[in-house]
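Chain residues, written in single-letter form:
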Amino acid sequence: MTSTSSDLPAALQEAITRRHVHDGTAHAIVSTELKIIHCSADFGRFLPENTAQIEGSLLTSLFAEFIGSEPYLRALLHNPDEHYAIKRVNRTARDDSVHYLDLELTGFDPQRPELGWLFTIRDTTEVGRLEQSLIQERNQLRLARRELALVNRELSRLDQLKTIFLSMAAHDIRAPLTVIRGYVEILTSMAEINPVDIDFDEFAAFLNTIRVQTDWLDNIINNILGLDQIENDQLVLHIVPCDLNSIIMDMCDMMQATAKLNQRTLTCSPADHSVIIPGDHQRLQQILQNVIGNGIKYNQTGGKVHISLSTSPEFAILTVTDNGVGIAQDQLPHIFELYYRTESAQKSQVRGTGLGLFIVKTLVEAHKGTIEVKSTIKSGTTFTICLPLLLKK
Ligand code: ADP
């Protein structure tokens, strides 16, 4: 099927030598009729198994890639500087391996166009694969760079939010402190100026305000500390059997003063039995203080907040419902995000840091529970918290 260079006419042999066709390159001599008149021993490697006769076959029947380019190829026979190349042709070799080939046709000698073309096949599979893997790596790098840019943007957004949060937290802490200082000064002067005529109801009301503000301060500080622990992966729960029923009743009592001061009514429908859950007593109080506090805060004069507790076979179901300002539907999915405050909350006089519900959700989930919210704008909001019961063994 193939012949050696020594069978060729001397002119062609000389031309092949002149063109430095090296051993690794399969080659063929193609006549002016585009027929293969001679090919190197390894030429057949890149052709299908059933190619019986190579020499004598039309180049275009073995390499369909050249169909249609015949006129251009003929022009090459007279042009010493041109060649026709098709790069990275994909071929499955006889051993089923996939190869990338560079095909090239060059006229042998412009002075003797009757000698035809030299056709070379260069196996560039290795280079092709390297290129492919380089392209892949470059794409992966691009992707990683894009992800990094996104993470960086998110980090700087969080950083900005943290700065805003710190200034709001500082303001939030200063507000109750100012009230406490004011009332302490009033009480002190009442006691100094005329201790005999002190109006005890008034005295008790001032003390009550101080207590409410102190509770509020306590809540802000607990949230800040809680965030610090969550961010540093240091949230530790001290889980013991807790009676959620008595916790909600105590919390309802504790927050009555805050509700009264804000002219809201706070009511509670506890379960008619104890509801024991594995929990961290202090953290459960923190959850309640935030959710009930919000029901009081995001409400109007005369507003109502109601707490209720019931059970299913496996869960304690706690709801906190208010008839306050409500939350717009498009903002509901975001309210558990860190530092998030609804647009109306940001515009309102109600101060906040957007920290409470993020901490509440983290704490509820740390107790293996769930929290859901339903709300209608200007109508009110209900938070439902489900916490697993302590199952009797
Ligand atoms: P904040 O310190 O702002 O109160 P939270 O994380 O506790 O932060 O709440 C996030 C936001 O969700 C609030 O800013 C408010 O816009 C909205 N929100 C939370 N609870 C209620 C509620 N009961 N009624 C209306 N809006 C609420």
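These figures come from a predicted structure and were not determined experimentally.

In terms of helices and strands, the protein chain carries 10 helices and 12 strands. For the protein chain, the C-alpha radius of gyration of 42 Å lies well beyond 21 Å, the compact-globule estimate for 393 residues. When its C-alpha atoms are laid out on the principal axes, the protein chain stretches across 135 × 55 × 35 Å. Here the protein chain, with 393 residues, has 42% of them falling under the buried criterion. Across the protein chain, every contact between residues at least 6 apart in sequence was considered, and the portion connecting residues at least 24 apart equals 64%.

Attention now goes to the packing of helix H5 (residues 200-231) against helix H8 (residues 281-297). The N-to-C vectors of H5 and H8 enclose an angle of 120°; their axes lie 11 Å apart at closest approach. Viewed along their axes, H5 and H8 adopt a mutual orientation that is oblique. Relative to H8, the crossing made by H5 is left-handed. Side by side, H5 and H8 meet where Asp215, Trp216, Asn219, Asn222, Asn223, Gly226 and Gln229 of the first sit next to Arg283, Gln286, Gln289, Asn290 and Lys297 of the second. Looking at the contact of H5 with H8 residue by residue, the class counts come to one nonpolar, eight polar and three charged.

Sheet architecture is open: five strands sit in the order S7-S9-S10-S12-S11, paired in mixed fashion. Of all strands in the sheet, those with a lone pairing partner are strand S7 (265-269) and strand S11 (370-376), marking the two edges. Taking each pair of neighbouring strands and ignoring which way they run, the sheet shows an average axis angle of 15°. By the bridge criterion, five bridges tie S7 to strand S9 (residues 304-311) in an arrangement that is parallel. Bridge pairing in S9 places Ser269 opposite Ser308.

Turning to the nonpolar core, a few remarks are in order. Leu244, Ile277 and Ile292 are the most contacted members of the largest nonpolar core, which has 49 residues in total. Each residue touching Ile292, except ones within four places of it in the same chain, is listed here: Met251, Met255, Leu266, Val305, Ile307 and Val320. Among the nonpolar cores identified, the runner-up in size contains 26 residues, and Ala26, Ile36, Leu59 and Leu77 belong to it.

Attention now moves to H8. Given a rise of 1.5 Å per residue, 17 residues ought to cover 24 Å, and the 24 Å separating the end C-alpha atoms of H8 matches this to within 8%. By the criterion of burial, H8 is predominantly enclosed, with 14 of the 17 residues buried. The opening residue of H8 is Asp280, an N-cap whose side-chain oxygen sits 3.2 Å from the backbone nitrogen of Gln282.

What follows is about the side chain of Glu55. With respect to the secondary-structure elements, Glu55 resides in the loop between strand S2 (36-39) and helix H2 (59-62). Residue Glu55 is classed as buried on the basis of its relative accessible area of 16%.

Now for the site of the ligand. Lining the immediate environment of the ligand, one finds 21 residues, of which Tyr298, Arg341, Thr342, Thr353 and Leu357 sit closest. With respect to the ligand, the side chain of Arg341 contributes an N or O atom lying 2.6 Å from an oxygen atom. Here Thr342 contributes a side-chain N or O atom positioned 2.7 Å from an oxygen atom of the ligand. Taken by itself the ligand offers 530 Å² of open surface, and the protein chains cover 97% of this. Where the shell around the ligand is concerned, the elements lending two or more residues are H8, helix H10 (356-366) and strand S12 (380-388).

Here we come to the pattern of salt bridges. For the coordinates displayed, the defined rule picks out nine salt bridges. Two residues, Arg88 and Asp102, come together in a salt bridge whose shortest N-O distance is 3.4 Å. Of this pair, Arg88 sits in strand S3 (residues 84-92) while Asp102 is found in strand S4 (residues 98-107), placing the two residues 14 residues apart along the sequence. Relative accessible area serves as the criterion here: at 28%, Arg88 is assigned to the partly exposed category. For Glu154, the salt bridge goes to Arg157, with nearest N and O atoms at 3.0 Å.

The next point concerns the packing of aromatic side chains. Following the criterion strictly, the structure yields nine aromatic pairs and no others. Aromatic side chains Phe63 and Phe119 sit 5.2 Å apart centroid to centroid with 70° between the ring planes, which places their arrangement in the edge-to-face category. Note that Phe63 is positioned in the loop between H2 and helix H3 (70-76) and Phe119 in strand S5 (residues 117-123), a separation of 56 residues in sequence. On the accessibility criterion, Phe63 (0% relative accessible area) is buried. Residue Phe119 is classed as buried on the basis of its relative accessible area, which comes to 0%. Considering the side-chain rings of Phe200 and Phe203, the 6.5 Å spacing of their centres and the 55° angle between planes classify their relative orientation as tilted. Taken together, the residues span about one helical turn, with Phe200 and Phe203 both in helix H5 at a distance of three residues. The class for Phe200 is exposed, based on a relative accessible area of 61%.

Parameters at a glance
Residues numbered from 1 in each chain as written. Predicted model: local features only at pLDDT ≥ 70, side-chain atom pairs only at ≥ 80, totals over all residues. Heavy atoms only, no water. Helix = DSSP H or I, 4+ residues; strand = E, 2+ residues; numbered from the N terminus. Rg over C-alpha atoms; globule rule 2.2 N^0.38 Å. Buried < 20%, exposed > 50% of the residue type's maximum accessible area, 1.4 Å probe, protein only. Contact = heavy atoms within 4.5 Å. Axes fitted to C-alpha atoms, helices over the stretch in contact; angles between N-to-C directions. Parallel < 35°, antiparallel > 145°, perpendicular 65-115°, else oblique. Left-handed = near helix turned anticlockwise from the far one by under 90°. Nonpolar A, V, L, I, M, F, W, Y, C, P; charged D, E, K, R; others polar. Pairing = 2+ DSSP bridges. Core = buried A, V, L, I, M, F, W, Y, C linked by side-chain atoms within 4.5 Å. Expected span 1.5 Å × (residues − 1). Polar contact = N/O pair within 3.5 Å; in protein donor to acceptor, adjacent residues only side chain to side chain. Near = heavy atom within 4 Å. Areas by Shrake-Rupley, 256 points an atom, 1.4 Å probe, with all protein chains shown as cover. Salt bridge = Lys/Arg side-chain N within 4 Å of Asp/Glu carboxyl O. Phe/Tyr/Trp six-rings, centres within 6.5 Å; stacked < 30°, edge-to-face > 60°.

None of the figures reported here should be taken as evidence of function without further support.
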